[in-house]
Amino acid sequence: MKSARKWISLMLVVVCVVGILSGCATANAPETNKTRTVVDMSGHSVEVPEKVNSYISLWVGSVTITLMLDHGEKMVGCSETAASYPLFDRACQNPEDITYFTNDAITLEGILETGAEVVFYRGKDNADLAEKLIKAGVAAIDVEFNTYDEMMDAIDIMADVLNTDYACGTASRYRTYANEMIEKAQAVGNTVQDRKSIIVIRDTSNLRAYGVNRFAGRWATLCGGDYALKDGDPNGYVNLTSEQLLEYDPEIIVFVIPGEAKKFIEDAKWSSLTAVKNGHVYENPSAIGTWSNHGSECVLQFGWAIEKLYPECTDFDFVKEVRDFYKEFYAMELTDAEITSIINAGK
């Protein structure tokens, strides 16, 4: 009997030890990352990790937003163009650890090598690639936007994908701020009686002007400008002839690409233009992106544009506005000299 009891006791000890070890193994086993469904700007339902550890932003517009929502902490790849802007390295926490993609060299293989779980892209640029990514198990999220309301919806989607308190809180604060800035711009635009003619041009090489319904055209009209470009596709670009620009003779000309305004002014064939004679040819500000185009900084464009169009209609401290914006949304402390340099680009 004693022998049997000893055997039973030994077996109980073994069972307990095995149970304990089994429990430890279960406790230490890596959890499988759960997924959830989000709906992107194209209306596609996409499965994304509940906790995103790595992502890529392929579009300059989305890069400015992800840098706002997580300061690039989990960004493993982005548009090379985005990285060329002057404040990118300060806005991004890990610029040296990022893979940079040129628009003509974005491949499935290159993205998979980064280990990214999520890719934010602009629908019209990378739709075919997105299908391949999803088949490969990478969540591809279309975040293309072409209006201010769409931009705020895209920001909410990106914050939802990142799924952190910081990203969601920042997106909410940004929506409130953007709406306030849009209302201020509209208030000025709606009261202007004598509207100044304005046109926004990409560069001098082919005088590629933005259509009135493109992002660049929208701020110009929102702030009370009379958009000078009346011909061509309002949703696209128009390559102007010299004759067309001379005929339009806008009071204000804004160039988006750095250095182009200076080249334009120095070209004698434009000396008769009203904008040139009155010193109203400007280079658009750029920092993390170009304020004039798609991106989170576009809300700063309104204050800048009103100061150029109707300085008599504004009395707020724009330098302070810019300083507070970058501190609030990018955790960046800019000096007055840095801000003045951005605002007076090309001077």
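Conventions used here
Residues numbered from 1 in each chain as written. Predicted model: local features only at pLDDT ≥ 70, side-chain atom pairs only at ≥ 80, totals over all residues. Heavy atoms only, no water. Helix = DSSP H or I, 4+ residues; strand = E, 2+ residues; numbered from the N terminus. Rg over C-alpha atoms; globule rule 2.2 N^0.38 Å. Buried < 20%, exposed > 50% of the residue type's maximum accessible area, 1.4 Å probe, protein only. Contact = heavy atoms within 4.5 Å. Areas by Shrake-Rupley, 256 points an atom, 1.4 Å probe, with all protein chains shown as cover. Lys, Arg positive; Asp, Glu negative; His and termini not counted. Charge placed at Lys NZ, Arg CZ, Asp CG, Glu CD. Phe/Tyr/Trp six-rings, centres within 6.5 Å; stacked < 30°, edge-to-face > 60°. Core = buried A, V, L, I, M, F, W, Y, C linked by side-chain atoms within 4.5 Å. Salt bridge = Lys/Arg side-chain N within 4 Å of Asp/Glu carboxyl O. Pairing = 2+ DSSP bridges.

(A) Geometry of the overall build of the chain. Counting secondary structure elements, the chain contains 15 helices and 13 strands. Relative to the compact-globule value of 20 Å for 347 residues, the chain shows a C-alpha radius of gyration of 26 Å, a clear excess of over 25%. Structurally, the chain occupies a C-alpha span of about 115 × 40 × 35 Å along its principal axes. Scored against the burial criterion, the 347 residues of the chain give a buried share of 49%. Taking the intrachain contacts of the chain between residues at least 6 apart in sequence as the baseline, contacts between residues at least 24 apart amount to 59%. Just so you have it, the chain exposes about 16800 Å², and 51% of that area is on carbon and sulfur atoms. Charge separation in the chain, taken as the distance between the mean sites of 31 positive and 51 negative side-chain charges, equals 6 Å.

(B) Spotlight on the packing of aromatic side chains. For the structure shown, the criterion picks out 19 aromatic pairs. Between Tyr174 and Phe329, the ring centres sit 5.6 Å apart and the planes meet at 80°, which makes this aromatic pair edge-to-face. Taken together, the positions of Tyr174 in helix 8 (residues 165–191) and Phe329 in helix 14 (residues 318–330) put the pair 155 residues apart, joining distant regions of the chain. Residue classification places Tyr174 among the buried positions, given a relative accessible area of 0%. Between Tyr210 and Tyr237 the ring centres are 5.1 Å apart and the planes differ by 55°, which places this aromatic pair in the tilted class. Of this pair, Tyr210 sits in strand 9 (residues 208–210) while Tyr237 sits in strand 11 (residues 237–239), placing them 27 residues apart in sequence. What links up through ring pairs into an aromatic cluster is the set Tyr174, Tyr177, Phe325, Tyr326, Phe329 and Tyr330.

(C) Examining the nonpolar core more closely. Residues Trp219 and Tyr326 are the most contacted members of the largest nonpolar core, which totals 103 residues. At ten residues, the largest contribution of residues to this core is made by helix 7 (residues 148–162). Filtering out sequence-adjacent residues up to four positions away, Tyr326 remains in contact with Ala287, Ile288, Trp291, Glu297, Leu300, Ala331, Met332 and Leu334. Grouped together as the second largest cluster of nonpolar side chains are 14 residues, Phe101, Ile106, Tyr121 and Val138 included.

(D) Looking closely at the pattern of salt bridges. All chains considered together, the criterion is met by 13 salt bridges. When the shortest N-O distance is used, the salt bridge between Lys262 and Glu266 registers 2.6 Å. Of this pair, Lys262 and Glu266 both sit in helix 11 (residues 260–266), four residues apart, which is roughly one turn of that helix. With its nearest N and O atoms 2.4 Å apart, the salt bridge here joins Arg323 to Asp336. Pair noted here: Arg323 is in helix 14 and Asp336 is in helix 15 (residues 336–343), with a separation of 13 residues, a long-range link. Exposure remark for Arg323: the relative accessible area of 24% places this residue in the partly exposed category. Exposure remark for Asp336: the relative accessible area of 42% places this residue in the partly exposed category. If you follow the salt bridges from partner to partner, you end up with Asp153, Asp156 and Arg175 in one network.

(E) Structural view of the pairing of strand 2 (residues 45–49). With five bridges joining them, strand 1 (residues 35–39) and strand 2 adopt antiparallel strand pairing. In the strand pairing of strand 2, Val38 is matched with Val46. Here strand 1 hands over to strand 2 after five residues, with Gly43 in that stretch at a positive phi of 85°.

(F) Expanded view of unusual backbone geometry. The backbone of Leu207 sits at a positive phi, close to 45°, despite the residue not being glycine. Tracing the chain through its elements places Leu207 in the loop between strand 8 (197–201) and strand 9. Overall, the relative accessible area of 6% leaves Leu207 in the buried class. The backbone phi angle of Ala331 is positive, close to 55°, even though this residue is not glycine.

(G) Representation of the environment of Leu69 within the structure. By secondary structure assignment, the location of Leu69 is in helix 2 (residues 60–70). On the accessibility criterion, Leu69 (0% relative accessible area) is buried. Through-space distance from the C-alpha of Leu69 to that of Thr164 is 9.0 Å; in sequence the pair is 95 residues apart. When sequence neighbours within four positions are dropped, the list of residues in contact with Leu69 reads Ile155, Met158, Ala159, Leu162, Tyr166, Ala167, Thr170 and Ala171.

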